[in-house]
Every structure is written in structure tokens, then in C-alpha cells.
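# Chain and residue survey
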Amino acid sequence: MTAYSIRDASLFHFARDGYEGASLRAIADEVGIKKPSIYAHFSGKEDLFMHTLEYAFDEVRRHTLEYFRDHAHLPLEQRLRGLLTWFEQEYQDHASARLMLRNCYYPPPDLYGQVMDLVYPFLDGMERALSRLLQRAIREGDVPPIPAEQAAIAFMTFLDGITVEIIYGSSRRYKRRLDASWPVFWNGIHSLNEQARPIVPEGD
């Protein structure tokens, strides 16, 4: 249980103070152990951070799936727009969301490659899930026929742009930008048609 206790304590400290600012001694004190005891479970600060960050991504992924499950009865537009409101609250309420989001934008320079190995699969998985969600909504007549993959990429781009405001700004600024941008985005999604420019695979 101590490894899990260390991870849970480090989640708070890394989310609040960042990789460089978090103290292993403070984490150990919170768990009620001596600092050297951490090394019985993790090889060092880098190892602890990466395990904690991987856990944070898993938590955000799980919570996101729960969100869509709990709101499956709503029309697609309400689910997608609601996801943006929900995620801002998730960031405020859960250290896992704060740690995940901040490291998507500000990974520790020395761990950049390792962090991106978590970020890109997470984003790609979200994109694929959204594409499937859109395809289902098209079949059910919830939205008109549109290129689902293109729409999923567009939504992820929108999400990427607006969530910066969570870190830099405030809830008020985030809501203001969301309220102003969402109608433009959703109307743009509806303007897509089967003759839209095809997606060119990365690397081509």
C-alpha cells in the first residue's frame, strides 16, 4: 500500500508545484515515511513522476469515459459542449486533471520525450473515440452526414485551443471564450460535407 500512498501524495505535489518544484521530502512527510523509503518503491524522482503522470492520464481517461456514459441520453451537441464545461470543473476539482493538462503544455524539458509518449496516445485515443461517437450519431440521425474523422480532429483542435485558458486565465474567461466560440464551431461542423478535403495521413 505504501507505493500507492506515495503516488497519491505525489499527485498533489506534482500538480501543485510541478516536477522541478515538488519535494520528495515533502511527499515522504505527507505519507508518514522517511525520504529514503521512497527508493524502496521508485528509483528516484523521475521514476515517481512518470508513474504518477501515467496514473493521472489513466484517471482522466476513466473520468472522460464515465462522463460520456452518464450523458449518453443527451443529443450529441449537448454532450460535446458539456464536455468542455465538465473538463474545466474536472481541472478545478482533481489533481490528476491538473497534472495531466499542465504537462501536455509544459512537460519537464529533461522528460519531454517520455511525457509525449503519454500525451500523444491519449490524444489519439480521444480522437478515435470521438470519431466513433460521431459515426454513431450520423447513423442515428443526430447529426447530418459529415466526415467523422475530420470533425473529430476539429473538435480536438478546438479543445486544445480553449483549454489553454484554464491554465492562463480563469473560469470566467474560459466560459466567455467557450460561449463565444462554440456556436461558430458547431455551425462549422454542420457545414462539412462528403466533398470536404480528405485528411492527409501524417508523414505523407
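Residues numbered from 1 in each chain as written. Predicted model: local features only at pLDDT ≥ 70, side-chain atom pairs only at ≥ 80, totals over all residues. Heavy atoms only, no water.

### Some points on the layout of surface pockets
Each pocket or cavity is described by its volume, and for the second largest pocket that value is around 330 Å³. Lining the second largest pocket are 15 residues, with Leu65, Phe68, Ala129, Leu130 and Arg132 positioned closest to its centre. When contributions to the lining of the second largest pocket are tallied by element, the ones reaching two or more residues are helix H3 (45–70) and helix H6 (112–139). Sorting elements by how many residues they give to the lining of the second largest pocket places H6 first, with nine residues. Of the residues contributing to the lining of the second largest pocket, the split by class is nine nonpolar, two polar and four charged. (1 Å grid on protein atoms, 1.4 Å probe; cavity = no way out; pocket = protein on both sides within 12 Å on 5 of 7 lines; lining within 4 Å. Points joined across faces, edges and corners; volume = space filled by probe spheres on them. Helix = DSSP H or I, 4+ residues; strand = E, 2+ residues; numbered from the N terminus. Nonpolar A, V, L, I, M, F, W, Y, C, P; charged D, E, K, R; others polar.)

### A word on the nonpolar core
Ranked by size, the top nonpolar core spans 63 residues in total, and within it Ile38, Phe49, Leu80, Leu84, Phe155 and Trp182 carry the most contacts. Taken together, the elements giving at least two residues each to this core come down to helix H1 (2–21), helix H2 (24–31), H3, helix H4 (76–93), helix H5 (95–105), H6, helix H7 (148–168) and helix H8 (171–190). Of all the elements, H6 adds the most residues to this core, at 10 residues. Every residue in contact with Phe155, bar those within four places of it in the chain, is listed here: Leu80, Leu83, Leu84, Leu130, Trp182 and Phe185. (Core = buried A, V, L, I, M, F, W, Y, C linked by side-chain atoms within 4.5 Å. Buried < 20%, exposed > 50% of the residue type's maximum accessible area, 1.4 Å probe, protein only. Contact = heavy atoms within 4.5 Å.)

### Remarks on the packing of H1 against H5
Packed helix pairs are specified by the crossing angle of their axes together with the interaxial distance, meaning the distance between the axes. Where H1 contacts H5, the two axes come as close as 9 Å, and the packing angle between them is 45°. As summarised for this structure, H1 and H5 are arranged oblique, according to the angle between their axes. Crossing angle aside, the handedness with which H1 passes H5 is left-handed. Along the contact surface, H1 presents Leu11, Phe12, Phe14, Ala15 and Arg16, while H5 presents Ala95, Ser96, Arg98, Leu99 and Arg102. Looking at the contact of H1 with H5 residue by residue, the classes come out as six nonpolar, one polar and three charged. (Axes fitted to C-alpha atoms, helices over the stretch in contact; angles between N-to-C directions. Parallel < 35°, antiparallel > 145°, perpendicular 65-115°, else oblique. Left-handed = near helix turned anticlockwise from the far one by under 90°.)

### Describing the packing of aromatic side chains
All told, the structure shown has 14 aromatic pairs when counted by the stated rule. When the ring of Tyr67 is compared with that of Trp86, the centres are 5.3 Å apart and the planes differ by 35°; the resulting orientation is tilted. Of this pair, Tyr67 sits in helix H3 while Trp86 sits in helix H4, and the two are 19 residues apart along the sequence. Each member of the pair, Tyr67 together with Trp86, is buried. For the ring pair Trp182 and Trp186, a centre distance of 5.7 Å and an interplane angle of 15° mean the geometry is stacked. Separated by four residues within a single helix, Trp182 and Trp186 lie in helix H8, roughly one turn from each other. Here the two residues Trp182 and Trp186 agree in accessibility, since each one is buried. Connected via pairs of aromatic rings, a cluster forms that spans Phe155, Phe158, Trp182, Phe185 and Trp186. (Phe/Tyr/Trp six-rings, centres within 6.5 Å; stacked < 30°, edge-to-face > 60°.)

### A short note on the packing of H5 against H6
Viewed as axis vectors pointing N to C, H5 and H6 meet at an angle of 105°, and their least axial separation amounts to 10 Å. Looking at the two axes, H5 sits roughly perpendicular to H6. Contacts from Met100, Asn103 and Cys104 of H5 reach H6 at Val115, Met116, Val119 and Phe122. Among the residues forming the contact of H5 with H6, the class breakdown is six nonpolar, one polar and no charged.

### Notes on the UniProt feature "DNA-binding region" (unreviewed entry) in the protein chain
As annotated in UniProt, the feature "DNA-binding region" (unreviewed entry) corresponds to residues 23–42 in the numbering used here. Span residues 23–42 is 40% helix and 0% strand, its end C-alpha atoms 14 Å apart. (UniProt positions renumbered as here; feature names shortened; annotations may be inferred.)

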